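Structural features, examined
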Amino acid sequence: MAERDTTQEKRCRGRPQIRPDDETRRLIYEAARHEFADSGYAATSIETVARRAGVSTKTLYRLIPNKAALFEGMVSDRLDRLVTEVNLRVADHTDLEQALCAALLACAELALDEEVIAVQRMVLQEACKFSDIAGMFYTHAIERTTAALSDWLRAQQKRGLIALDDIEEAAGMLLGMVASAPRRAAIFGGRPLPSHSQIEARVRRCAVLFLRGCQVHGSRDR
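Residues numbered from 1 in each chain as written. Predicted model: local features only at pLDDT ≥ 70, side-chain atom pairs only at ≥ 80, totals over all residues. Heavy atoms only, no water.

In this section: helix H10 (residues 196-214). Between its first and last C-alpha, H10 extends 27 Å over 19 residues, near the 27 Å set by a 1.5 Å rise per residue. All of the buried residues in H10 are Ile199, Val203, Cys206, Ala207, Phe210, Leu211 and Cys214. Looking down the long axis of H10, one finds its buried residues gathered within 130 degrees of arc, a one-sided arrangement. Seen from the buried face of H10, the exposed residues on the opposite side, beyond 90 degrees, are Arg205, Leu209 and Arg212. On the buried face of H10, the contacting elements are helix H6 (96-111), helix H8 (131-158) and helix H9 (167-189). (Helix = DSSP H or I, 4+ residues; strand = E, 2+ residues; numbered from the N terminus. Expected span 1.5 Å × (residues − 1). Buried < 20%, exposed > 50% of the residue type's maximum accessible area, 1.4 Å probe, protein only. Arc of directions from axis to C-beta. Contact = heavy atoms within 4.5 Å.)

Right, dumping it as structure tokens:
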């Protein structure tokens, strides 16, 4: 009986564990980010992404039907984590300025991430041949980042802490102030991306300037 139990235990240990589809997609999207950034959209194939992710081509096609869906899913996956991170970071702060800095830092770290910049370079280079990827990047990266920050600003306005006429416009202006200049310098000027400490310092300066313009006079954080 003991021998039979031992044999059964060995068989169980030898069976390959089934990875959840969500985890497999995450591995695929991570591999896709590297491939698209390194090789460009045209030269990236489903086969090379599958090989880099350590999955079979059959598995990749089961989860993601084609290269366009792979690009779209890759961008959306990164933004899903940004939105979660913004919500979590803001929840940790009751002080308005600290909360804004936390939200902006999450957005800036994404916008100035080396892999994201590489993908954006690729989009700019190949958009004339593959016009859909520019639209997908705008919808799933730029617009969603602005929407995430807009939601945060809207919540602060409902609390009576800030006053804005156009929240979406303000979010876009704020994101531009934080990330546009360093991003342009990296993409077009070949300048190095700012370090984490440099991003933090820029975020703090931008938060102070922004709040001077919209914070309700005499309001207290609540």
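The rest of the description comes next.
Looking now at the pattern of salt bridges. Counting across every chain of the model gives nine salt bridges. The residue Asp22 makes a salt bridge to Arg25 at a minimum N-O spacing of 3.2 Å. You can see Asp22 and its partner Arg25 sitting in helix H2 (residues 21-39), three residues apart, about one turn around the helix. Using a relative accessible area of 60% as the deciding quantity, one classes Asp22 as exposed. (Salt bridge = Lys/Arg side-chain N within 4 Å of Asp/Glu carboxyl O.)

Moving on, we come to the layout of surface pockets. The rolling of a water-molecule-sized probe over the atoms marks out the regions of remaining empty space. For the largest pocket, the calculated volume is near 380 Å³. Lining the largest pocket are 25 residues, and of these Ala111, Ala141, Ile142, Thr145 and Arg183 sit closest to its centre. Elements represented by at least two residues in the lining of the largest pocket include exactly helix H5 (67-91), H6, helix H7 (114-126), H8 and H9. Per-element tally for the lining of the largest pocket: the top contributor is H9, with seven residues. (1 Å grid on protein atoms, 1.4 Å probe; cavity = no way out; pocket = protein on both sides within 12 Å on 5 of 7 lines; lining within 4 Å. Points joined across faces, edges and corners; volume = space filled by probe spheres on them.)

On inspection of all chains with the given rule, the structure shows four aromatic pairs. Consider the rings of Phe36 and Phe71, whose centres lie 5.4 Å apart with planes at 85 degrees: the pair is edge-to-face. Of this pair, Phe36 sits in helix H2 while Phe71 sits in helix H5, placing them 35 residues apart in sequence. For the pair Phe36 and Phe71, one class covers both residues: buried. Judged by centre distance (4.9 Å) and plane angle (55 degrees), the ring pair of Tyr41 and Phe130 falls under tilted. Of this pair, Tyr41 sits in the loop between H2 and helix H3 (46-53) while Phe130 sits in the loop between H7 and H8, and the two are 89 residues apart along the sequence. A relative accessible area of 6% places Tyr41 in the buried class. You can call Phe130 partly exposed: its relative accessible area is 28%. Geometry around Tyr41 places Lys67 over its ring, the cationic atom sitting 4.6 Å from the centre. (Phe/Tyr/Trp six-rings, centres within 6.5 Å; stacked < 30°, edge-to-face > 60°. Lys NZ or Arg CZ within 6 Å of the ring centre and 35° of its normal.)

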